[in-house]
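# Fold and geometry: a report
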Amino acid sequence: MITFEELGLEEQLVKATSDLGFVNPTAIQEKAIPALINGAKDLIGLAQTGTGKTAAFGLPLLQMIDKDQKFPQALVICPTRELCLQIVKEITAFKKYLPTVSVVAVYGGSSIGLQIKDLKRGVQIVVATPGRLIDLIERKAIHLEEIKYVIMDEADEMLNMGFQDDIEFILQNTPIREYTWLFSATMPNEIRRVTKKYMSDPMEITVGAVNT
Ligand code: ADP
Ligand code: MG
């Protein structure tokens, strides 16, 4: 079986996965991590819930961002507050040996003032639900001019919850977006349409059976 080291991850990240008790990468990690580290711009990753998709995008992202610059470079959008917190928790564990990296969660139903304060401290990675993110954009508390990476997690759930217009607004307002990664458990037609409109020649990785 392959190891995290063999996927091309830097030592600090390998050490963090090992501290978490991860021994071998899951199938989606084994395929997505080397592809992303080697520069795949647009990627669609399809795999069932519980197969380790957070690490599949989180580890390459941590390796690739500019760790010396303290402005938002990467945006992870996801459907719910719970998921937002879960992703931040996992990314925080992965960045254990990368002391200059900061990540912040922004989601509805919680003090926007505190989130604005967090953003002002300077962060590289913002994990957000679409509604709150747009609220912050409108208040000019965050700007997307320097976002290079946009990751859509649980894309099918976001569309089910009616976030399609918000997601398109966010994608349209990331002028220097270079990397667009989409993860989902299923691939309904509306997602196919979003990927056709906002991604160019995406690499597609499917693990197991995926329903449409
Ligand atoms: P998904 O997003 O596909 O639903 P998650 O990324 O939430 O899955 O991962 C599910 C669980 O598996 C989490 O508790 C995570 O820490 C754990 N996990 C992820 N990758 C590995 C791995 N390579 N080895 C062991 N556990 C892992
Ligand atoms: Mg997930």
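Residues numbered from 1 in each chain as written. Chains lettered and ligands numbered in written order. Predicted model: local features only at pLDDT ≥ 70, side-chain atom pairs only at ≥ 80, totals over all residues. Heavy atoms only, no water.

Moving on, we come to the site of ligand 1. With respect to spatial proximity, 15 residues lie near ligand 1, and among them Asn24, Gln29, Gly50, Lys53 and Thr54 are the closest. Here an oxygen atom of ligand 1 sits 3.0 Å away from a polar atom, N or O, in the side chain of Glu90. Compared with its free state, where it exposes 570 Å², ligand 1 has 71% of that area covered by protein. Its residues placed into classes, the shell around ligand 1 shows three nonpolar, ten polar and two charged. (Near = heavy atom within 4 Å. Polar contact = N/O pair within 3.5 Å; in protein donor to acceptor, adjacent residues only side chain to side chain. Areas by Shrake-Rupley, 256 points an atom, 1.4 Å probe, with all protein chains shown as cover. Nonpolar A, V, L, I, M, F, W, Y, C, P; charged D, E, K, R; others polar.)

What follows is about the nonpolar core. Ranked by size, the top nonpolar core spans 44 residues in total, and within it Leu61, Ile125, Val127 and Trp181 carry the most contacts. Core analysis: the second largest hydrophobic core is formed by 34 residues, Val126, Val150, Ala155 and Met187 among them. (Core = buried A, V, L, I, M, F, W, Y, C linked by side-chain atoms within 4.5 Å. Buried < 20%, exposed > 50% of the residue type's maximum accessible area, 1.4 Å probe, protein only.)

Here the focus is the UniProt feature "short sequence motif: Q motif" (unreviewed entry) in the chain. When the UniProt feature table is mapped to this numbering, "short sequence motif: Q motif" (unreviewed entry) covers residues 2-30. Within the segment residues 2-30, helix and strand shares are 45% and 0% respectively, and the terminal C-alpha atoms sit 8 Å apart. (UniProt positions renumbered as here; feature names shortened; annotations may be inferred. Helix = DSSP H or I, 4+ residues; strand = E, 2+ residues; numbered from the N terminus.)

What follows covers the pairing of strand 4 (residues 125-128). A two-sided burial pattern is seen for strand 4, the buried positions comprising Ile125 and Val127 on one face and Val126 and Ala128 on the other. With four bridges connecting them, strand 2 (residues 74-77) and strand 4 associate as parallel partners. In the strand pairing of strand 4, Val76 is matched with Val127. Note: strand 3 (residues 103-106) against strand 4, four bridges, orientation parallel. Bridge pairing links Ala105 to Val127 in strand 4. (Pairing = 2+ DSSP bridges.)

It is worth spelling out the pairing of strand 1 (residues 42-46) at this point. Counting buried residues in strand 1 gives five out of five residues, a clear majority hidden from the surface. Going residue by residue along strand 1, you find Asp42, Ile44 and Leu46 tucked away on one face and Leu43 and Gly45 tucked away on the opposite face as well. Bridge count for strand 1 against strand 6 (residues 179-184) is five bridges, and the pairing is parallel. Directly across from Gly45, in strand 6, lies its bridge partner Phe183.

Turning our eyes to something else, we now look at the pattern of salt bridges. What the rule picks out here adds up to nine salt bridges. For Asp135, the salt bridge goes to Arg139, with nearest N and O atoms at 3.0 Å. If you follow the salt bridges from partner to partner, you end up with Glu168, Arg193 and Lys197 in one network. (Salt bridge = Lys/Arg side-chain N within 4 Å of Asp/Glu carboxyl O.)

The relation between two aromatic rings is expressed through the spacing of the ring centres and the mutual angle of the planes. For the structure on display, the rule yields six aromatic pairs. With 5.5 Å between their ring centres and 45 degrees between their planes, Phe57 and Phe183 make a pair best called tilted. Within this pair, whereas Phe57 is found in helix 3 (residues 53-64), its partner Phe183 is found in strand 6, the two being separated by 126 residues in sequence. Note on Phe57: relative accessible area 0%, which makes it buried. Aromatic side chains Tyr149 and Tyr179 sit 4.7 Å apart centroid to centroid with 10 degrees between the ring planes, which places their arrangement in the stacked category. Here the residue Tyr149 occupies a position in strand 5 (residues 149-152), and Tyr179 occupies one in strand 6, the gap between them amounting to 30 residues. A residue is classified by how much of its surface remains accessible, and Tyr149, at 3% relative accessible area, is buried. (Phe/Tyr/Trp six-rings, centres within 6.5 Å; stacked < 30°, edge-to-face > 60°.)

What follows covers the sheet that holds strand 2. Judged by pairing direction, the sheet is parallel, and its seven strands sit side by side in the order 3-4-2-5-6-1-7 without closing on themselves. In the strand order of this sheet, the two ends are held by strand 3 and strand 7 (203-206), each with one partner. Across the sheet, the axes of successive neighbouring strands diverge by a mean angle of 15 degrees, strand direction being ignored. Across four bridges, the pairing between strand 5 and strand 6 is parallel. Bridged to Val150 within strand 6 is Thr180. (Axes fitted to C-alpha atoms, helices over the stretch in contact; angles between N-to-C directions.)

Right, let's talk about the environment of Leu119 for a bit. By the element assignment, Leu119 lies in helix 5 (residues 112-120). Through-space distance from the C-alpha of Leu119 to that of Met152 is 20 Å; in sequence the pair is 33 residues apart. When neighbours within four sequence positions are excluded, Leu119 is seen to be in contact with Val104, Val106, Val126, Leu136, Ala141 and Ile142. (Contact = heavy atoms within 4.5 Å.)

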